[in-house]
Amino acid sequence: MIVDFQHLADKAINGEVLTREECLAVLTCPDERVLDLLAATYRVRLTFCGRRVHLHMLINAKSGICPEDCHYCSQSSISRAAIERYPLVSLERLLEGARRAKEAHCRRYCIVISGRGANNREIDFLVRAVRRIKEEVDIAICCSVGLISEEKARRLAEAGVEQLNHNLNTSERYYPTICTTHTYEDRWQTLQAARRAGLHLCSGAIFGQGESLEDIIDVALALRELEPQSIPVNFLLPIAGTPLENTRYLRPYDCLRILCLMRLTNPKQEIRVSAGREVHLRSLQPLALYAANSVFVSGYLTTPGQHYEETWQMIRDLGFEIEEHVPEGPEEAAAVLAVDEVGEAGKSVQVGGVD
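Asks: Can you help me understand the packing of aromatic side chains in this one?
Replies: Centre-to-centre distance and the angle between the planes together describe a pair of aromatic rings. Counted by the stated rule, this structure contains six aromatic pairs. Between the aromatic rings of Tyr-42 and Tyr-290, the centroid separation amounts to 5.0 Å while the plane-to-plane angle is 80 degrees, which identifies the pairing as edge-to-face. Here Tyr-290 lies in the loop between helix H12 (285-288) and strand S9 (294-296) and Tyr-42 lies in helix H3 (residues 34-49), a separation of 248 residues in the sequence. Taken together, the aromatic side chains of Tyr-42, Tyr-290 and Phe-320 make up a single cluster linked through ring pairs. The ring centre of Tyr-86 lies 5.8 Å from the NZ or CZ of Arg-93, which sits over that ring. A cation over a ring is seen here: Arg-272 above Phe-296, with NZ or CZ 5.0 Å from the ring centre.

Put into structure tokens, the structure is as follows:
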């Protein structure tokens with residue numbers, strides 16, 4: 001049976017949920033029809049997101065020192081990966097990272113700390129740091145702090161954090177395969193607590209962990225139910241010293257199919273191409289932005305990534321626009337920065353990403 005991908009795009013635009021059979025058709029799209037699938041998906045992206053792209057930069061504000069056993073993570077308790085391990089960085093380093101993110105025309109600066117969940121001392125520090133950043137740098141802030149209570153989430157929101165990141169990571173069925181020290185339900189409850197506290201949600205998944213096509217469909221539909229504002233789509237980087245170091249099966253077209261499924265099942269959300277894009281998409285990276293409307297720049301938690309100036313060039317070549325942060329107020333909207341302006345601005349931007 002030949003699937004009409006434009007029909008699936010019509011369903012997404014009209015707010016209809018794709019059936020599991022239609023989701024499977026997206027994930028098993030023949031190679032020779034991937035461009036047809038992308039064209040249909042781009043129509044959905046264009047309808048809800050226009051030609052805009054959001055840039056995001058993160059800082060690994062506390063590395064390693066984690067009791068959890070997430071099999072994909074180089075910072076977990078069972079990882080033998082050769083990474084730098086350190087406690088919370090200084091407030092000045094967080095502020096410096098925020099300034100770099102702003103110089104790179106990022107819409108959001110993401111502060112990440114390792115561990116099962118931030119303790120009261122760490123929340124106190126983040127509250128002080130976020131208030132300082134908001135005073136000195138005009139940028140939105142997202143925090144990723146592990147499992148969190150509603151009370152702690154509310155403190156972050158009151159300090160000026162707009163969004164909390166906590167990924168579902170995979171399907172509920174497959175979750176015990178990749179982590180045993182906490183559950184899928186623990187993650188779901190953290191997201192609900194953050195939403196009750198008034199935070200927007202950033203939640204996505206990591207693909208390429210050995211999950212089945214059914215698991216990919218499950219997490220795509222679970223995210224549709226959750227309705228986070230932002231969905232990061234990560235592709236597993238099999239880091240030496242982690243249990244998944246020998247897990248490899250994603251091809252560039254596989255990644256594009258997954259991104260298309262995420263857009264077709266979550267048509268209005270910010271879909272972010274995240275960790276692993278450089279490794280798995282390779283020369284096909286620009287095509288990812290026909291499904292996604294957001295991208296991380298200048299590295300991830302413990303691995304390097306594409307420098308923001310190279311990302312600017314990719315966006316320029318596509319004819320897209322960078323959408324920057326504008327503070328909430330009477331004219332609440334994101335400023336659109338023409339890619340030609342980005343190129344000019346880039347001449348004075350210092351090279352260097354977040355460590």
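Asks: I tried to follow unusual backbone geometry on my own but got confused; where do I start?
Replies: Trans peptide bonds make up the majority, and among non-glycine residues the majority have a negative phi. Backbone geometry places His-105, a non-glycine residue, at a positive phi of 65 degrees. Mapped onto the secondary structure, His-105 falls in the loop between helix H4 (91-103) and strand S2 (108-113). Judged by relative accessible area, His-105 falls into the buried class, the value being 11%. Phi is positive for Glu-227, close to 55 degrees, though the residue is something other than glycine. Turning to its location among the elements, Glu-227 is positioned in the loop between helix H9 (213-226) and strand S7 (230-235).

Asks: Any chance you could explain the environment of Ser-76 here in plain terms?
Replies: In this fold, Ser-76 is placed in the loop between strand S1 (52-62) and H4. Measuring from C-alpha to C-alpha, the distance between Ser-76 and Gly-64 comes to 6.5 Å, with twelve residues separating the pair along the chain. Aside from chain neighbours lying at most four places away, what touches Ser-76 is Cys-66, Glu-68, Asp-69 and Cys-70. A distance of 3.3 Å separates a polar atom in the side chain of Ser-76 from the backbone oxygen of Cys-73.

Asks: What's the story with the nonpolar core in this structure? I'm lost.
Replies: In summary, soluble globular proteins display a tendency toward joint burial of nonpolar side chains. Grouped together as the largest cluster of nonpolar side chains are 108 residues, with contacts concentrated most on Leu-94, Ile-111, Ile-133, Leu-156 and Phe-235. The leading source of residues in this core is helix H10 (residues 252-265), at eight residues. Beyond its immediate sequence surroundings of up to four residues, Leu-94 is in contact with Ile-59, Ala-61, Val-89, Tyr-109, Ile-111, Phe-125, Ala-129 and Ile-133. If you look at the next biggest cluster of nonpolar residues, it comprises six residues, including Cys-110, Cys-142, Cys-202 and Phe-296.

Asks: Looking at this structure, I do not really get the pattern of salt bridges. What am I missing?
Replies: Pairs can form between side chains of opposite charge whenever their charged atoms are close. In this structure the tally under the stated criterion is 27 salt bridges. Arg-251 is the partner of Asp-31 in a salt bridge, and the nearest nitrogen-oxygen pair spans 3.4 Å. In this pair, Asp-31 is assigned in the loop between helix H2 (20-27) and H3 and Arg-251 in the loop between S7 and H10, connecting sequence segments 220 residues apart. Note on Arg-251: relative accessible area 40%, which makes it partly exposed. The closest approach of N and O atoms between Arg-33 and Asp-36, which form a salt bridge, is 3.6 Å. Bridged by salt links that share partners, the residues Asp-31, Arg-251, Asp-254 and Arg-257 form one connected network.

Asks: I tried to follow helix H5 (residues 120-136) on my own but got confused; where do I start?
Replies: In an α-helix there are 3.6 residues to a turn, and that puts residues three or four apart on one side. With 17 residues, H5 extends 25 Å between its outermost C-alpha atoms, agreeing within 8% with the 24 Å of an ideal straight helix rising 1.5 Å per residue. Those residues of H5 that fall on the buried side of the exposure criterion are Glu-122, Ile-123, Phe-125, Leu-126, Val-127, Ala-129, Val-130 and Ile-133.

Asks: Where do I start with the environment of Cys-70 in this structure?
Replies: Position of Cys-70 relative to the elements: it lies in the loop between S1 and H4. Separated by 39 residues in sequence, Cys-70 and Asp-31 have C-alpha atoms that sit 33 Å apart. Not counting residues up to four positions away in its chain, the partners in contact with Cys-70 are Ser-76, Ile-178, Cys-179, His-182 and Arg-187.

Asks: Just checking my understanding: could you explain the packing of H9 against H10 for this structure?
Replies: Each packed pair of helices is defined by two parameters, the angle between the axes and the distance between the axes. At a minimum axis separation of 9 Å, H9 and H10 run at an interaxial angle of 30 degrees. On the basis of their axis angle, the class for H9 and H10 is roughly parallel. H10 is crossed by H9, and the crossing has right-handed handedness. Where H9 abuts H10, its residues Ile-216, Ile-217, Ala-220, Leu-221, Leu-223 and Arg-224 lie against Ile-258, Leu-261, Met-262 and Thr-265. For the contact of H9 with H10, a count of residues per class yields eight nonpolar, one polar and one charged.

Asks: Help me understand the pairing of S1, please; the structure alone is not making it clear to me.
Replies: Side-chain positions along a regular strand alternate between the two faces of the sheet. The buried fraction of S1 is high, at ten of eleven residues. In this structure, S1 lies alongside strand S10 (residues 321-324), joined through two bridges in parallel fashion. Each residue of the ladder has a partner; that of Arg-52, found in S10, is Glu-321. Direction of pairing for S1 relative to S9: parallel, over a ladder of three bridges. Looking across to S9, one finds that His-56 is bridged to Phe-296. Examined bridge by bridge, S1 and S2 share six bridges and lie parallel to one another. Within the sheet, the bridge partner assigned to Lys-62 lies in S2 and is Ile-113. Chirality of the crossover, the property in question, places the unit of S1, H4 and S2 among those that are right-handed.

So, how was this worked out
- Residues numbered from 1 in each chain as written.
- Predicted model: local features only at pLDDT ≥ 70, side-chain atom pairs only at ≥ 80, totals over all residues.
- Heavy atoms only, no water.
- Phe/Tyr/Trp six-rings, centres within 6.5 Å; stacked < 30°, edge-to-face > 60°.
- Helix = DSSP H or I, 4+ residues; strand = E, 2+ residues; numbered from the N terminus.
- Lys NZ or Arg CZ within 6 Å of the ring centre and 35° of its normal.
- Buried < 20%, exposed > 50% of the residue type's maximum accessible area, 1.4 Å probe, protein only.
- Contact = heavy atoms within 4.5 Å.
- Polar contact = N/O pair within 3.5 Å; in protein donor to acceptor, adjacent residues only side chain to side chain.
- Core = buried A, V, L, I, M, F, W, Y, C linked by side-chain atoms within 4.5 Å.
- Salt bridge = Lys/Arg side-chain N within 4 Å of Asp/Glu carboxyl O.
- Expected span 1.5 Å × (residues − 1).
- Axes fitted to C-alpha atoms, helices over the stretch in contact; angles between N-to-C directions.
- Parallel < 35°, antiparallel > 145°, perpendicular 65-115°, else oblique.
- Left-handed = near helix turned anticlockwise from the far one by under 90°.
- Nonpolar A, V, L, I, M, F, W, Y, C, P; charged D, E, K, R; others polar.
- Pairing = 2+ DSSP bridges.
- Right-handed = clockwise from strand over helix to strand, strands pointing away.

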